[in-house]
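Chain by chain, the residues run as shown.
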Amino acid sequence: MHQNHLIDLSDWPRQNWERIIDLALEIERDPSAFYGRMEGKILATLFYEPSTRTQNSFKSAMMRLGGQCLGFSNPQNSSVSKGETLADTIRIMNGYADIIAIRHPKEGAAKAAASYSRCPVINAGDGGHLHPTQTLTDLVTLTRETGRLDNLKVGICGDLKYGRTVHSLIKALTQFPNNEFILISTKELVIPAYIKVILNAAGCKYREVASLTEVIGELDVLYMTRIQQERFASEQEYLEQKHVYILDTEKMSLARPTMKVLHPLPRVDEITPEVDADPRAVYFKQAQYGVYTRMALILNLLEDDSFGASLFHGTPHSGEPCSNPNCITNVEPYLKKSYTETGDMLMCEYCEHKKLI
Ligand code: CP
């Protein structure tokens with residue numbers, strides 16, 4: 001039996017996503033009915049990067065289920081600052097908690113953590129790679145606010161290069177029929193090549209554009225994102241991207257009356273405060289749905305063994321470094337490297353970066 005983890009939604013069949021979405025919507029109707037289901041269970045939140053929503057909505061979810069929480073929100077206040085490895089931190093936490101939610105700046109870190117864990121590990125964001133619990137939250141929000149997960153024309157605007165929520169969301173929405181994407185970014189922040197491979201493989205229509213104003217009128221959903229300052233190599237590169245896309249009431253006047261605006265938050269300046277009063281702006285509701293979604297996720301991971309999936313499918317390549325400097329395997333060198341082969345490329349199974357064999 002595989003341990004239940006959530007590293008990447010693509011590891012699961014769609015029926016698992018649907019069970020979580022359905023349960024989240026049931027919980028929303030009466031959260032108090034679920035109190036006590038996690039009595040005696042402990043959630044560890046190991047946050048190596050800052051967070052308001054993800055960490056606190058996980059804690060809120062566990063507490064609303066009657067469980068308890070421990071962990072850290074700043075690795076400098078933990079023995080990570082003394083040089084403790086990720087593997088050892090996970091081994092220790094296995095003795096203290098029943099389920100772990102981890103956020104880490106390195107890509108593939110949650111998968112690495114899961115490979116050392118006897119209890120379920122949830123990826124709460126791994127560098128610029130994936131953020132599957134945000135995606136589950138987004139799917140719950142779309143279901144609740146648009147009534148469907150298919151036949152949507154979705155505009156995704158802003159930092160498509162480093163925005164892990166964007167990568168997870170596109171991967172998920174390609175699994176539903178007739179979704180179409182308009183990818184709105186500067187040329188410096190275009191979507192990574194591996195996401196285009198996924199879009200093409202799924203037969204999804206998409207186009208890359210630079211102007212939000214020109215396309216906003218076509219959209220069913222506009223997913224705005226923050227420019228991820230913390231992932232830029234220099235302040236100058238960030239400053240050149242800042243302020244490029246601002247959603248304001250003037251642009252909203254060009255949108256359909258039924259369009260919904262989502263944002264994983266936090267926002268900086270990419271949506272003006274005046275837009276908040278527009279009923280089409282659902283990003284604060286989205287953050288609230290995140291609690292119900294994480295309640296549903298915890299319940300399924302701890303109460304149902306069928307959520308397991310194998311972590312690795314490829315072959316170990318001892319000593320072969322991943323070409324991605326932000327891959328966890330390049331900072332935790334004891335990790336067994338693992339790659340899958342497609343044609344003349346090797347894909348790292350932690351961060352999904354590809355290199356020529
Ligand atoms: N959406 C999201 O991940 O927010 P936080 O960074 O505050 O957790």
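Refer to the structure printed above.
Quick caveat, the model's predicted, so the values are computed rather than measured.

**Here's the deal with the overall build of the protein chain**
Across its full length, the protein chain carries 11 helices and 13 strands. Dimensions of the protein chain, computed from the C-alpha atoms along their principal axes, are close to 55 × 55 × 40 Å. Among the 357 residues that make up the protein chain, the fraction classed as buried is 55%. If you take every contact in the protein chain between residues at least 6 apart in sequence, the share linking residues at least 24 apart comes to 71%. Separation between the mean location of the 38 positive side-chain charges and that of the 44 negative ones in the protein chain comes to 1 Å.

**Notes on the site of the ligand**
Taken together, S51, T52, R53, T54, R103, H131, Q134, P264 and L265 make up all the residues around the ligand. Contact distances for the ligand include 2.8 Å between an oxygen atom and a side-chain N or O atom of H131. L265 is positioned such that a nitrogen or oxygen atom in its backbone is 2.9 Å from a nitrogen atom of the ligand. Relative to its free-state accessible area of 250 Å², the ligand is covered by the protein chains to the extent of 91%. Looking at side-chain class alone, the shell around the ligand contains two nonpolar, five polar and two charged residues.

**Quick notes on the sheet that holds strand β3 (residues 99-104)**
What holds strands together in a sheet is hydrogen bonding between their backbones, with the strands either parallel or antiparallel. In spatial order, the strands read β2-β1-β3-β4; together these four strands make up an open sheet with parallel pairing. Of all strands in the sheet, those with a lone pairing partner are β2 (68-72) and β4 (121-126), marking the two edges. Averaged over neighbouring strand pairs, the angle between their axes works out to 15° when direction is ignored. Judged from the five bridges that link them, strand β1 (residues 42-47) and β2 form a sheet pairing that is parallel.

**A closer look at unusual backbone geometry**
In the segment running from L265 into P266, the intervening peptide bond is cis, with an omega of 5°. Mapping P266 onto the fold places it in the loop between β9 (260-262) and α11 (283-303). The phi torsion at N178 lies on the positive side, around 60°, for a residue other than glycine. Turning to its location among the elements, N178 is positioned in the loop between α6 (164-173) and β6 (180-184). At E352, a residue that is not glycine, the phi angle is positive and equals roughly 70°.

**So, the pairing of β4**
For β4, the buried fraction is high: six of the six residues fall into the buried class. Chirality of the crossover, the property in question, places the unit of β3, helix α4 (residues 109-114) and β4 among those that are right-handed.

**Some words on the environment of A110**
For A110, the location among the structural elements is in helix α4. Its relative accessible area of 1% is what places A110 among the buried residues. A C-alpha to C-alpha distance of 14 Å links A110 and S310, two positions 200 residues apart in sequence.

**Section: the packing of helix α1 (residues 14-29) against α11**
Interaxial distance between α1 and α11 falls to 8 Å at its minimum, and their mutual angle equals 120°. Our classification of the angle between α1 and α11 gives oblique. Every pair of crossing elements has a handedness; the one defined by α1 and α11 is right-handed. Listed contacts from α11 to R19, I20, L23, A24, I27 and E28 of α1 are Y289, Y292, T293, M295, A296, L297, L299 and N300. In terms of residue class, the contact of α1 with α11 is made up of 10 nonpolar, two polar and two charged.

**Some thoughts on the environment of E145**
Its location among the elements puts E145 in helix α5 (residues 132-146). According to the relative accessible area criterion, E145 is buried, its value standing at 14%. Between the alpha carbons of E145 and T315 there is a distance of 43 Å; along the sequence they are 170 residues apart. Look past the residues within four positions of E145 in its chain and what remains in contact with it is K260, V282, K285 and Y289. Within polar-contact distance, the side chain of E145 engages the side chain of Y289 at 2.6 Å.

Rules and cut-offs
Residues numbered from 1 in each chain as written. Predicted model: local features only at pLDDT ≥ 70, side-chain atom pairs only at ≥ 80, totals over all residues. Heavy atoms only, no water. Helix = DSSP H or I, 4+ residues; strand = E, 2+ residues; numbered from the N terminus. Buried < 20%, exposed > 50% of the residue type's maximum accessible area, 1.4 Å probe, protein only. Contact = heavy atoms within 4.5 Å. Lys, Arg positive; Asp, Glu negative; His and termini not counted. Charge placed at Lys NZ, Arg CZ, Asp CG, Glu CD. Near = heavy atom within 4 Å. Polar contact = N/O pair within 3.5 Å; in protein donor to acceptor, adjacent residues only side chain to side chain. Areas by Shrake-Rupley, 256 points an atom, 1.4 Å probe, with all protein chains shown as cover. Nonpolar A, V, L, I, M, F, W, Y, C, P; charged D, E, K, R; others polar. Pairing = 2+ DSSP bridges. Axes fitted to C-alpha atoms, helices over the stretch in contact; angles between N-to-C directions. Right-handed = clockwise from strand over helix to strand, strands pointing away. Parallel < 35°, antiparallel > 145°, perpendicular 65-115°, else oblique. Left-handed = near helix turned anticlockwise from the far one by under 90°.

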